[in-house]
Amino acid sequence: MLLRSGYFLKRALRNMRQSPVLSLASIGTVAVALALLAFFAIAVLNVQQLTASWGENLAVVAYLEDVPEQKVVNGWIKEIENYPEVAKVTFVSRKVALERFSQRLGDDADLIEGLGEDVLPASLEIALGSEWRSKSSLTAVVERLRKDQRFSDLQYGQGWLEKLEAFLLLLRVAGSALGGFLVFAALIIVANTIKLTLYARQDELEAMAMVGGTSLFIKLPYLVEGALQGLLGGLTALGLSFLIFQIILQKTLGSLLLITGIDTIHFLPPVWQGSLVVGGGLIGLMGSLFALRKFVRFGVS
């Protein structure tokens, strides 16, 4: 069994060596298709992380033009914390707000040196409970607060979250459409490569069929060839996407992610990486099957 498997592998490698341009075209097409899918997957993965992070921190901020005495503020906090949707209310003084802003500026914090504490308003940060982090619950809290003239200036992130989710859906649809088209193109190119190899060896195939070679025995080297091309394309796509991720994406998007609250951008998890390579092999194998199914000469089908 091992000897026969070695024979099929050698035949497949010989076919690829004898048609290097066609083989490279097949490998390259699979690699480009899967690399683009990988980039869309990376984008979707990190946008999902950002959406989840914003969803966990979904809160309402009520800005206070005039800050009353601490007793009054504590009364407001207790009143709002009695809302069933609210988990915690935090008072952020003007001084604390300025300190936060300074920390967010980082090395550029000297730009606000000399500004008074009253440059930023005080606020109440109203965090929702984990079981109430939904659009309807957030809207209910906001509407209740808006009826109270003390909390007329409200900010909340639901609008941004909805836009982010819409962008995520757009990424998925665009990635699926473009990826499907490229995968189909890769299938056609692999199939045509195998077909050309079959036509170039028609005399050899006819002779093998005449001396009793079974259909499976004759077809297996070409199935192995297609699978190898697909696997090499998948590995190339994985290496290419990781290289570009390290050189471009991780560095250029790092500062943007810090602003949005995400510490780092993530590459594809190991399961997705394995699926990318295996998917390449399946594309190559399916292309070979398609070519062999259409190849009906010499008693090989």
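Note that residues are indexed from 1 along each chain, following the sequence as it is written. With pLDDT at 70 or above as the cut-off, local features in this predicted model cover only qualifying residues; side-chain atom pairs require 80 or more to be listed or tallied, and sums for whole chains, interfaces and linings still use all residues. For the side-chain quantities, the full set of heavy atoms in the structure was used; hydrogens and water were omitted.

Student: Can you tell me about a nonpolar patch on the surface, naming the residues and giving the values?
Tutor: On the surface, Val278, Leu282, Leu285, Met286 and Leu289 cluster together to form a nonpolar patch covering roughly 440 Å² of accessible area. Each helix corresponds to a stretch of at least 4 residues labelled H or I by DSSP, and each strand to a stretch of at least 2 residues labelled E; elements are numbered beginning at the N terminus. Relative to the helices and strands, Met286 is located in helix α10 (residues 270-294). A residue counts toward a patch only above 30% relative accessible area and without a salt bridge, and it is joined to like-charged neighbours within 9 Å or, for Val, Leu, Ile, Met, Phe, Trp and Tyr, to nonpolar neighbours within 5 Å. Each accessible area is a Shrake-Rupley result for a 1.4 Å probe, and residues are judged covered by the shown protein chains and nothing else. The rule for a salt bridge is simple: a side-chain nitrogen of Lys or Arg has to be within 4 Å of a carboxyl oxygen of Asp or Glu.

Student: Explain helix α3 (residues 70-81) to me, using residue names and the numbers behind them.
Tutor: For a helix, the expected span equals 1.5 Å multiplied by the number of residues minus one. Between its first and last C-alpha atoms α3 spans 16 Å; for 12 residues at 1.5 Å apiece the expected length is 16 Å, and the two agree. Each residue is assigned to one of three classes by its accessible area relative to the maximum for its type, calculated with a 1.4 Å probe on protein chains only: buried under 20%, partly exposed between the two thresholds, exposed over 50%. Buried residues of α3: Val73, Trp76, Ile77 and Ile80, and no others. The buried side chains of α3 occupy one side of the element, clustering within an arc of 100° when seen end-on. Facing away from the buried side of α3 by more than 90 degrees, the exposed set consists of Lys71 and Lys78. To be clear, the arc concerns the directions from the helix axis to the C-beta atoms.

Student: Please set out the sheet that holds strand β3 (residues 122-128) residue by residue, giving values where relevant.
Tutor: With antiparallel pairing, 4 strands are arranged side by side in an open sheet as β2-β3-β1-β4. One side of each edge strand has no neighbouring strand; the edge strands of this open sheet are β2 (86-92) and β4 (153-156). If you compare each strand with its neighbour and ignore which way they point, the axes differ by 20° on average. In short, DSSP must find at least two bridges between two strands for them to pair. When strand β1 (residues 59-64) meets β3, the two strands line up antiparallel, connected through 6 bridges. Bridge pairing links Ala62 to Leu124 in β3. Note on geometry: axes are C-alpha line fits, over the in-contact stretch for helices, and angles between N-to-C directions span 0 to 180 degrees.

Student: I'd like to hear about the packing of aromatic side chains, residue by residue, with values.
Tutor: In summary, the pairing rule links any two rings of Phe, Tyr or Trp, Trp by its six-membered ring, whose centres are within 6.5 Å, and it sorts them by plane angle into stacked for under 30 degrees, edge-to-face for over 60 and tilted for everything else. On inspection of all chains with the given rule, the structure shows 2 aromatic pairs. With centroids separated by 5.1 Å and ring planes inclined at 75°, the aromatic side chains of Phe242 and Phe267 adopt a geometry described as edge-to-face. With a gap of 25 residues between them, Phe242 in helix α8 (residues 215-252) and Phe267 in the loop between α9 (254-260) and α10 connect regions that are remote in the sequence. Classification of Phe242 as partly exposed rests on a relative accessible area of 37%. With a centroid separation of 5.1 Å and an interplanar angle of 50°, the aromatic rings of Phe245 and Phe267 are classed as tilted. Here the residue Phe245 occupies a position in helix α8, and Phe267 occupies one in the loop between α9 and α10, the gap between them amounting to 22 residues.

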